[in-house]
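As a plain string of letters, each chain reads:
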Amino acid sequence: MRKQNPDFPLSFFKSVQESSHFTTMWKRSCSFLPSLKHSQFTASHFSCTPVHFEPTKKICIIGSGPAGFYFAQNLFKKVPDISIDMLEKLPVPYGLVRYGVAPDHPEVKNVINTFEKVASNKNFKFHGNVTLGRDVKFSELRQAYHAVVLTYGCNEDRELGIPGENLPNVISARKFVGWYNGLPEDKDLEVDLSSETVVVLGQGNVAVDVSRILLSPIDLLKVTDITEYSLQALSQSKVKTVYLIGRRGPLQAAFTIKELREMTKLPGVQTLLQKEHFAGTENIIPNLPRARKRLSELLVTTASKEQEGSRYFRPTFLHKPVEILGSSESGVVQGVKFEINDIDHEKGIARGTGKYEVNECGLVLRSIGYKGTSVDSDIPFDSNRGVVVHENGVYSAGWIHTGPTGVILSTMSDAYDQSNRLIEDINKKTLNVTNSKPGFSAIENTLNSKSVVTVNFEGWKKIDKIEVERGAAVGKPREKIVDVAEMLRIGGS
Amino acid sequence: MALRTLCYIGRAIESTKIGLHTVQTGARSLSTSIRVLNKPEYSVTFVRPDGEKIKAKGKEGDTLLDVVVNHDLDIDGYGACEGTLTCSTCHVILKPDDFAKLPDKPSEEENDMLDLAYGLTDTSRLGCQIQLSKQLDGLEVQLPATINDARS
């Protein structure tokens, strides 16, 4: 069912004025009206048989996370005569909002309401379970659409490049997040929570997220949409201490203050810091820019605060990992060897001291950032920076454009900027949108020939409904379906 | 526009229903409901970075975010987290006098979010935390330049 545009007939008028294609069709079907011109359109003309028309400008967006949806939102708002096909590798939409945002941060997922509004536009089509580079080639999309927009994010990890990184029980935080959030490719990840100590390498917000999930009282997680199997595993977890380890000093910490404050308030968990790491910062902190100053002050206050709890969160600075040590028999992780760094707090430059220390642990989570990759050899791509580069008719936004940093707000801002760039190119006629393009019908042929089952937005709503029902049965907002085949059985068309 | 008109009609019908209902259920609730219906309205103006002014009205106790949502004001990305203090998209800049007039200072949580806002000033607040009141009637707030700019 197509939804009626609520702004009808105003937006319709606007479209009519912009669409020469439509005018032709309209003239044909209303041929009884003598010499019809744009300026002569009045409401009375709507009394003739309604004509279905397809927008002439056809855009394809790859990836259905925040970057893709905010990009689409802005295009619909400013370009009346436009249709958007959104392709997604997974059967279900929303990217990192579904699979990245921590289950105990449901408020952050409120952006989905905006995305649903975008999806309800009659000129928007979602096509889930379509993988660029495998099911459909980039060159085919370029042929079928006036512009292709890449918003597929970053799907690999940066690596440390140190010995022992591939030992069992060294896992990437990205995969760990995918595991507890039900990302199909990570659902079978083996997570060994039998050790009391975990080392998280990296100090960004993802590192704090995984630490919080490991340390949270299970009752707080039970009421979230965390996957049932990870809830089971976490309820039997032996983990008591999580180290959050970074190379640089407390004044360079990469996490933001909200995430730290949340840890300091987590029931039953003490946030312990080493006071000596703050030596020499007293005179610098008051003069720092506001955000950095407030974060540093919270660290200093926490360092000398009496706390209670039998689990420990230990942000540790000035430790550079040099080797991950495994048992000679089983190969399982036993600890991480660090070189102790010294730092010039003012300049933020860390230097090795030649002193080493081993931190014993049974699980290492590597959380030093994501990496963007090209998913099709024809994509204009800068492999050094891991980002898509602009070329005529090819746009990108979000992490695959800026690199993997920033919160949803920064992605939203980038998506608006980049979609404005596309609109400007249309207006300046540097992007040709006057020639006729087949759009999805051309892609559909390819997909049919490869027997690819796709999921449209109605299909996703079916999956969504079942997930919410299954969640309600166990007191959770949602129980995610983690099996692609099952998603396709429910929502495929 | 059509949608907006429908919304207004919808709201008017809703109000009428409340009115009728209370007439039937007795004088006491009637007076309560009249008070609700007659909740004073105050005006607020949002000023875009290019100087364009968007004027709107809201009831006492409505937040600036409520006003934007209820009137479907065209401000890009405003209130992404819907007032749950997990983003800073409803950032507004107040005049120093108005800033001082606000009954509550920003909470730690609001300040944590403001820390991430673009174009932060000493008189910045989140619109979801500012409630309309008699004292603030006619309030004029500036929208920051980097986000919510006049992109059209």
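Being a predicted model, the structure only gives us computed values, none of them experimental. (Residues numbered from 1 in each chain as written. Chains lettered and ligands numbered in written order. Predicted model: local features only at pLDDT ≥ 70, side-chain atom pairs only at ≥ 80, totals over all residues. Heavy atoms only, no water.)

In this section: the side chain of B:Ser124. Residues and elements named next belong to chain B. On the secondary structure map, Ser124 appears in strand β4 (residues 124–126). Residue Ser124 is classed as buried on the basis of its relative accessible area of 4%. Within the local environment of Ser124, its side chain forms a polar contact with the side chain of His91, the two groups lying 2.8 Å apart. Among the polar contacts listed, one links the side chain of Ser124 to the backbone nitrogen of Thr121, at a separation of 2.8 Å. Excluding residues that lie within four positions of it along the chain, Ser124 makes contacts with His91, Val92, Ile93, Phe99, Leu114 and Gly119. (Helix = DSSP H or I, 4+ residues; strand = E, 2+ residues; numbered from the N terminus. Buried < 20%, exposed > 50% of the residue type's maximum accessible area, 1.4 Å probe, protein only. Polar contact = N/O pair within 3.5 Å; in protein donor to acceptor, adjacent residues only side chain to side chain. Contact = heavy atoms within 4.5 Å.)

What follows deals with the UniProt feature "domain: FAD/NAD(P)-binding" (unreviewed entry) in chain A. Taking the numbering used here, the UniProt-annotated feature "domain: FAD/NAD(P)-binding" (unreviewed entry) corresponds to residues 58–214 of chain A. Counting secondary structure, residues 58–214 of chain A comes out at 34% helix and 20% strand; the distance between its end C-alpha atoms is 45 Å. (UniProt positions renumbered as here; feature names shortened; annotations may be inferred.)

The next point concerns the sheet that holds strand β6 (residues 170–172) of chain A. Residues and elements named next belong to chain A. Spatially, the six strands line up as an open sheet ordered β6-β14-β7-β8-β10-β9, and their pairing is parallel. Both outer strands of the open sheet, β6 and β9 (269–271), are each paired with one neighbouring strand and no more. Averaged over all pairs of adjacent strands, the angle between strand axes in this sheet comes to 20°, irrespective of strand direction. Inspection of the sheet shows strand β7 (residues 197–201) paired to strand β8 (residues 241–245) by five bridges, in the parallel sense. Its bridge partner being in β8, Leu201 is matched across the sheet by Ile245. Here helix α7 (residues 173–181) sits on the sheet and contacts β6 and β14 (363–366); the angle it forms with β6, its principal contact strand, is near 75°. Sheet strands touched by helix α8 (residues 205–215): β7, β8, β9, β10 (311–316) and β14. Its angle to β8, the strand with the most contacts, is close to 175°. (Pairing = 2+ DSSP bridges. Axes fitted to C-alpha atoms, helices over the stretch in contact; angles between N-to-C directions.)

Contacts between the two partners involve 28 residues from chain B and, on the opposite side, 28 residues from chain A. Counting the surface lost from both chain B and chain A, the interface buries some 2,400 Å², and carbon and sulfur atoms represent 55% of this. At the junction of chain B with chain A, the criterion picks out eight salt bridges. Ionic pairing is found between A:Arg290 and B:Asp115, a salt bridge with its closest N-O pair at 2.7 Å. Applying the counting rule to chain B against chain A returns 13 residue pairs in polar contact (both at pLDDT 80 or more). Where the side of chain B that touches chain A is concerned, the elements lending two or more residues are α1 (2–25) and α5 (108–114) of chain B. Top element by residues in the side of chain B that touches chain A is α5(B). It accounts for six residues. (Buried area = accessible area lost by both parts, 1.4 Å probe. Salt bridge = Lys/Arg side-chain N within 4 Å of Asp/Glu carboxyl O.)

Residue and element names in this part refer to chain A. Taken from the UniProt record, the annotation "binding site: NADP(+)" (unreviewed entry) applies to Gln203, Gly204, Asn205, Val206, Arg247, Arg248, Glu259 and Gly406. With respect to the helices and strands, the residue Asn205 is situated in helix α8. Structurally, Glu259 is set in helix α11 (residues 257–264). With near-sequence residues (within four places) excluded, Glu259 lies in contact with His105, Asn205 and Val208.

Moving on, we come to the packing of α11(A) against helix α12 (residues 290–303) of chain A. All names here are of chain A. The contact between α11 and α12 brings their axes to 10 Å, and the two run at 20°. Of the possible angle classes, the one that applies to α11 and α12 is roughly parallel. Both α11 and α12 take part in a crossing whose hand is left-handed. Residues Ile257, Leu260, Arg261 and Thr264 of α11 form the contact with α12, whose participating residues are Arg294, Leu295, Leu298, Leu299 and Thr302. In the contact of α11 with α12, the residues fall into five nonpolar, two polar and two charged. (Parallel < 35°, antiparallel > 145°, perpendicular 65-115°, else oblique. Left-handed = near helix turned anticlockwise from the far one by under 90°. Nonpolar A, V, L, I, M, F, W, Y, C, P; charged D, E, K, R; others polar.)

What follows covers the nonpolar core. Residues and elements named next belong to chain A. Grouped together as the largest cluster of nonpolar side chains are 50 residues, with contacts concentrated most on Ile59, Phe71, Phe124 and Leu422. Each residue touching Ile59, except ones within four places of it in the same chain, is listed here: Leu75, Ile82, Ser83, Ile84, Asp85, Tyr145, Ala147, Val149 and Leu422. If you look at the next biggest cluster of nonpolar residues, it comprises 43 residues, including Ala173, Ala207, Leu231 and Ile343. (Core = buried A, V, L, I, M, F, W, Y, C linked by side-chain atoms within 4.5 Å.)

Should the sulfur atoms of two cysteines be covalently bonded, the bond is a disulfide. Within the structure shown, the criterion is met by zero disulfides over all chains. Note on A:Cys154: no disulfide assigned, nearest cysteine sulfur contributed by A:Cys60 at a separation of 19 Å. Residue B:Cys87 stays outside any disulfide, its sulfur separated by 3.7 Å from that of B:Cys81, the closest cysteine. (Disulfide = S-S within 2.5 Å.)

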